[in-house]
Amino acid sequence: MLDATCPQGPTVQAGPTEAPTAKAPVQSGQKGDKMHYIGMAGLSGYLPQCTVTGPTRTSVAEQLAFIHERGQNWTKALIRDWYADLRLPIDGNEYAEIVECNCETPEIHEDC
Ligand SMILES: [Zn+2]
């Protein structure tokens, strides 16, 4: 820094020179403030019939597990792999999948 004249100056911050973005009401400063996850279930090769959303992969996996009455192991596999098979005759869907999203309206994904 060219103007670092004070040896005990305050901790260097990148913030002050940046103009605040007016459109961001959330000010936690973390990237991914709007980050959420979408859980989808449907038939292979088709758009999902069912979508849920939540703040974590676990939360959406648990919602999908509840909807399809699947157990812990299935839920864990879905969280781990971001994908898990479903049994069409029993569950009514063939797959479940989790994806990341950072749109500003996560509620629009809720459609089951
Ligand atoms: Zn979204």
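This text follows the structure it describes.
Not measured: the values here are computed from a predicted model.

Peer 1: When you look at unusual backbone geometry in this model, what are you seeing that I'm missing?
Peer 2: Excluding glycine, a negative phi dihedral is what most residues carry, and trans is how most peptide bonds are arranged. A positive phi angle is found at Glu69, which is not glycine, with a value near 55°. Residue position: Glu69 is located in the loop between α1 (57–68) and α2 (72–81). Judged by local crowding, Glu69 falls into the exposed class, with 9 C-beta atoms found within 10 Å. Its identity as a non-glycine residue notwithstanding, Trp82 has a phi of 65°, on the positive side. Looking at where Trp82 falls in the secondary structure, it is placed in the loop between α2 and β3 (83–85).

Peer 1: Can you help me understand the nonpolar core in this one?
Peer 2: When a protein is soluble and globular, its nonpolar side chains tend to lie buried together. Of all hydrophobic cores here, the largest spans 14 residues; its most connected members are Val60, Ala61, Leu64, Leu78, Ala96 and Ile98. Elements with a contribution of two residues or more to this core: β1 (36–42), α1 and β4 (95–101). In this structure Ile98 touches Tyr37, Ile38, Gly39, Arg57, Val60, Ala61, Leu78 and Trp82, once residues within four positions along its chain are discounted.

Peer 1: Got a minute to help me understand the sheet that holds β1 in this structure?
Peer 2: Two pairing modes exist for strands in a sheet, parallel and antiparallel, and in both the strands are linked by backbone hydrogen bonds. The strand order across the open sheet built from four strands is β2-β1-β4-β3, with neighbouring strands paired in antiparallel fashion. Each edge of the open sheet carries a strand with a single partner, namely β2 (50–54) and β3. Sheet twist, expressed as the mean angle between neighbouring strand axes with direction ignored, is 20°. In terms of strand pairing, β1 meets β4 through seven bridges, oriented antiparallel. Across the sheet, Gly39 pairs through a bridge with Ile98, a residue of β4.

Peer 1: What is the right way to look at α1 in this model?
Peer 2: Along an α-helix, residues three or four positions apart point the same way, because every turn accommodates 3.6 residues. The first and last C-alpha atoms of α1 sit 16 Å apart over 12 residues, in line with the 16 Å expected at 1.5 Å per residue. Along α1, the positions that sit buried rather than exposed are Val60, Ala61, Gln63, Leu64 and Ala65. Along its buried surface, α1 packs onto β1, β2, α2 and β4. Directly beyond the C-terminal end of α1, a positive phi value near 55° is found at Glu69.

Scoring rules and cut-offs
- Residues numbered from 1 in each chain as written.
- Predicted model: local features only at pLDDT ≥ 70, side-chain atom pairs only at ≥ 80, totals over all residues.
- Helix = DSSP H or I, 4+ residues; strand = E, 2+ residues; numbered from the N terminus.
- Buried ≥ 20, exposed ≤ 12 C-beta atoms within 10 Å, placed from the backbone.
- Core = buried A, V, L, I, M, F, W, Y, C linked by C-beta atoms within 7 Å.
- Contact = placed C-beta atoms within 7 Å.
- Pairing = 2+ DSSP bridges.
- Axes fitted to C-alpha atoms, helices over the stretch in contact; angles between N-to-C directions.
- Expected span 1.5 Å × (residues − 1).

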